[in-house]
Amino acid sequence: MIDHILYATPDLESAVDDLDRRFGVRLSPGGRHLGLGTRNYLADLGGRTYFEVLGPDPDQPDPAHGRPLGIDDLTRPRLSTWAARVDDLDEAVRTATANGCRFDPAVAMSRDRGDGVHLAWRAAVPSEGQGFGRVIPFLVQWETEAYAAELSPKGIHLVSLIVSHPEAAMVRGHLAALGLTDCVTVRQAAEPSLQATLRTPAGEVTVR
């Protein structure tokens, strides 16, 4: 199950203004990621799936090791990665590893939502250096019933998520091992990439 798709940008306010115009919906502030130097805006896509826009938080100091997802090196916004929701993170990581796709150790994370509700989850990201680019999702196991975009604006729905890769068959096999082939389309391409099509009040919008 797709938990969320993540759109990274070097300029958060500019990217959100652009998406507001394209979607016909005003995204809502999510929260700050203290120590990471980022904050986000969110839109609910239905079924506990959401769209996240992540960018630098000017009210935080630059983190010593750089912001996540290579945000510091971006020159324009892009659909950067996606997350899959799992019921048992440890078992999902073991299954992926057995199929040849390694993940870094799971990390416990949390933050307080705008209404004061505490959110908690565990996440594991694919280990670097495997050649998957950004097409293999990181895995999320929610520890709370509440979720990040529960209070975010409605009216946007995910039509499709396409992941492209030079070794599409390998990627398809890894996603199949995680039970994710029904929620994404895998295509052969010269470079790894992501493409989401969203149904919005302004019509269908493609985000890359």
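Within each chain, residue numbers correspond to sequence positions counted from 1 in written order. The predicted nature of this model means local features are confined to residues of pLDDT at least 70 and side-chain atom pairs, given and counted, to a pLDDT of 80 or more, with totals for whole chains, interfaces and linings taken over all residues. Side-chain calculation: all heavy atoms of the structure are included, whereas hydrogens and water are not.

Draft legend 1. Highlighting helix H2 (residues 89-98). Only protein chains enter the calculation, and the probe is 1.4 Å; a residue is then buried if its accessible area is under 20% of its type maximum, exposed if over 50%, and partly exposed in between. A run of H or I in DSSP counts as a helix once it spans at least four residues, and a run of E counts as a strand once it spans at least two, with each numbered from the N terminus. Those residues of H2 lying buried are Leu89, Ala92, Val93 and Ala96. Along the axis of H2, the buried residues cluster in a sector spanning 100°; they form a single face. Residues of H2 that are buried sit in contact with strand S7 (118-124) and strand S8 (138-142). For the purposes of these results, a polar contact is taken to be a pair of N or O atoms within 3.5 Å, where, inside protein, one atom must be able to donate a hydrogen and its partner to accept one; residues adjacent in sequence count only when each atom of the pair is a side-chain atom. Backbone nitrogen of Asp90 and a side-chain oxygen of the N-cap are separated by 3.3 Å at the start of H2; the cap is Asp88. At the C-terminal side of H2, Gly100 shows a positive phi close to 95°. Think of it as the arc spanned by the lines of direction from the helix axis to the C-beta atoms. Throughout, a contact is declared for two residues whenever any of their heavy atoms are within 4.5 Å.

Draft legend 2. A look at the sheet that holds strand S11 (residues 193-200). Strand pairing requires that DSSP identify at least two bridges connecting the strands. Pairing is mixed in the open sheet, where four strands are placed in the order S10-S9-S11-S12. Only two strands of the sheet have a single partner each, and these edge strands are strand S10 (185-188) and strand S12 (203-207). If you compare each strand with its neighbour and ignore which way they point, the axes differ by 20° on average. Relative to S12, S11 is paired through five bridges, and the arrangement is antiparallel. Counterpart to Thr197 in the pairing with S12 is Thr206. Note on method: axes are straight lines fitted to C-alpha atoms, helices fitted across the in-contact stretch only, with angles between N-to-C directions ranging 0 to 180 degrees. Packed onto the sheet, helix H1 (residues 12-23) meets S11 and S12 and runs at close to 145° relative to S12. Strands in contact with helix H3 (residues 168-177) are strand S9 (157-165) and S10; relative to S10, the strand with the most contacts, it is inclined by about 160°.

Draft legend 3. Main features of unusual backbone geometry. Phi is positive for Arg48, which is not a glycine, with a value near 65°. For Arg48, the position within the fold is in the loop between strand S3 (38-46) and strand S4 (49-56).

Draft legend 4. Structural view of the pairing of strand S2 (residues 28-33). Pairing analysis gives four bridges linking S2 to S3, with the strands arranged antiparallel. Looking across to S3, one finds that His33 is bridged to Thr38. Between S2 and S3, which pair antiparallel one after the other, the connecting turn spans four residues, and Gly35 there sits at a positive phi close to 90°.

Draft legend 5. Quick look at the nonpolar core. As used here, the term nonpolar core means buried Ala, Val, Leu, Ile, Met, Phe, Trp, Tyr and Cys residues forming a set that is joined through side-chain atoms within 4.5 Å. Grouped together as the largest cluster of nonpolar side chains are 45 residues, with contacts concentrated most on Ile5, Phe23, Phe51, Val53 and Trp82. Counting residues per element, this core draws most heavily on H1, at five residues. Non-local contacts of Phe51, meaning those with residues more than four positions away in its chain, are made with Ile5, Tyr7, Leu19, Phe23, Leu27, Tyr41, Leu42, Ala43, Leu45, Leu198 and Val207. The next biggest cluster of nonpolar side chains, apart from the first, holds 13 residues, and it includes Leu42, Tyr50, Trp142 and Tyr147.

Draft legend 6. Broad picture of a nonpolar patch on the surface. Together, Leu36, Val107 and Met109 make up an exposed nonpolar region whose accessible area comes to about 220 Å². One can find Met109 in strand S6 (residues 107-112). Patches in this entry comprise residues that are over 30% relatively accessible and not in a salt bridge; like charges within 9 Å are linked, as are nonpolar side chains (Val, Leu, Ile, Met, Phe, Trp, Tyr) within 5 Å. All accessible areas in this document rest on Shrake-Rupley with a 1.4 Å probe, and a residue is counted as covered only by the protein chains that are shown. Between Lys or Arg on one side and Asp or Glu on the other, a salt bridge is scored when a side-chain nitrogen of the former is within 4 Å of a carboxyl oxygen of the latter.

Draft legend 7. Broad picture of the packing of aromatic side chains. Two rings belonging to Phe, Tyr or Trp (six-membered ring only in the last case) form a pair when the distance between their centres is within 6.5 Å. Interplanar angles under 30 degrees mark stacking, angles over 60 mark edge-to-face geometry, and anything in between is tilted. Enumeration over the complete set of coordinates arrives at three aromatic pairs. With a centroid separation of 5.9 Å and an interplanar angle of 35°, the aromatic rings of Tyr7 and Phe51 are classed as tilted. Of the two residues, Tyr7 sits in strand S1 (residues 2-8) while Phe51 sits in strand S4, which places them 44 residues apart along the sequence. The exposure classification of Tyr7 matches that of Phe51, with both residues buried.

Draft legend 8. Molecular detail of the sheet that holds S3. The strand order S2-S3-S4-S1-S5-S8-S7-S6 describes an open sheet built from eight strands, whose pairing is mixed. Of all strands in the sheet, those with a lone pairing partner are S2 and S6, marking the two edges. Between one strand and the next, the sheet's axes are offset by a mean angle of 30°, whatever the strand orientation. Across the sheet, H1 lies against S1, S3 and S4, angled at about 145° from S4, the strand it touches most.

Draft legend 9. Spatial organisation of H1. With twelve residues, H1 should reach 16 Å at 1.5 Å per residue; the first-to-last C-alpha distance of 16 Å fits that figure. Every buried residue of H1 is accounted for by Leu12, Ala15, Val16, Leu19, Asp20 and Phe23. Across the axial projection of H1, the buried residues extend over an arc of 140°, all falling on one side. Buried-residue contacts for H1 involve S1, S3, S4, S11 and S12. You can read the cap of H1 off the contacts: a side-chain oxygen lies 3.5 Å from the backbone nitrogen of Glu13, and it is on Asp11. Multiply 1.5 Å by the residue count of a helix minus one, and that product is the helix's expected span.

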